[in-house]
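# Understanding the architecture of this molecule
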Amino acid sequence: MHAVSMIYLAAVVCTLWCIDIAKAVCHASRHHDDFEFVVISRRNSSGQWVAELQFNHESEHKEVRPWTLGVKKFTDDCENFDTIRVVATVTVPSKHTHKKQPPSDYHLLPGLGYYKLHKNMKNFDGAWATCAQEGAYLAVMNSETEALALVPWWVTFSANNFPFIGLYDPKKNGRFVTVFNETQDVAGYNKWLAGEPDAKGVQNCGLLSTEGTLSNGGCDSVKPFICEFES
């Protein structure tokens, strides 16, 4: 399993050009899903201007994810004065975000995700491309539970030809990463078959062993492979 980031719609909603404004307010008309962005500036006891930024959002609908506010500060020349420019960006979850549905030949492993064992063997690049064409990716092992759950799927088909998974050594330096360019430690599972990875620079593509551990083999070899679909 692997978390896939959700697509957001971002809009710049308020720009404050000169910060010595007593109070600035940017807001939309008050509908059900409106927000208010307020900048309040004041002079403190030492004579410095201090700006307070407030972001208020009200909605009668359940949000897919919370709205977020990002603020950046820039220094500008405003009519021969040293000024500060503040740009605020509101990030709003799409209202039309739906879970993707897996192809009909993908199988659900409860609590883990959707997977497909491809018995039409290919080399690593071909396996990667095939998964991508199906809107999936070569399976990434995030836990021992996931790795062990996948073993029965392929072991009866080809016990002596371990399947490709989403793991490889792109720089051929012995450092394996997932198809998301994460180490297996970051992914959550980094248990290898005894003595592996080996043949650094030669066997640069990841496999799943019959023990549910990680293994490595030649990328040009043709093997079965497991695709994973993130719904």
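Residues numbered from 1 in each chain as written. Predicted model: local features only at pLDDT ≥ 70, side-chain atom pairs only at ≥ 80, totals over all residues. Heavy atoms only, no water.

Another aspect to go through is the packing of aromatic side chains. Aromatic ring pairs: the centre-centre distance and the angle between the two ring planes describe each pair. Across all of its chains, the model carries 9 aromatic pairs by this definition. Relative to W153, the ring of Y115 has its centre 6.3 Å away and its plane inclined at 85 degrees; by these criteria the two rings are edge-to-face. With Y115 in strand β8 (residues 113–122) and W153 in helix α2 (residues 144–158), this pair connects stretches of sequence that are 38 residues apart. Take W153: its relative accessible area is 24%, and that puts it in the partly exposed class. Judged by centre distance (5.4 Å) and plane angle (75 degrees), the ring pair of F124 and F164 falls under edge-to-face. Taken together, the residues span a long stretch of sequence, with F124 in helix α1 (residues 124–133) and F164 in strand β10 (residues 164–168) at a distance of 40 residues. The buried category is assigned to F124, whose relative accessible area is 2%. Members of the aromatic cluster, joined through ring pairs, are F124, W128, F164 and Y168. (Phe/Tyr/Trp six-rings, centres within 6.5 Å; stacked < 30°, edge-to-face > 60°. Helix = DSSP H or I, 4+ residues; strand = E, 2+ residues; numbered from the N terminus. Buried < 20%, exposed > 50% of the residue type's maximum accessible area, 1.4 Å probe, protein only.)

Right, let's talk about the state of the cysteines for a bit. Counted according to the given criterion, the structure contains 2 disulfides. Across the disulfide, C131 is cross-linked to C227 (sulfur-sulfur distance 1.9 Å). The sign of the S-S torsion, about -85 degrees, decides the handedness of the disulfide formed by C131 and C227: left-handed. Placement of C131 in helix α1 and of C227 in strand β14 (residues 223–229) is noted, with a sequence separation of 96 residues between them. With its bonded cysteines labelled in order along the sequence, the protein chain shows the pairing 1-4, 2-3. (Disulfide = S-S within 2.5 Å.)

Looking at the secondary structure, you find K172 in the loop between β10 and β11 (177–178). Sequence separation between K172 and N204 is 32 residues; the distance between their C-alpha atoms is 6.3 Å.

All we've got here are geometric facts, nothing functional implied.
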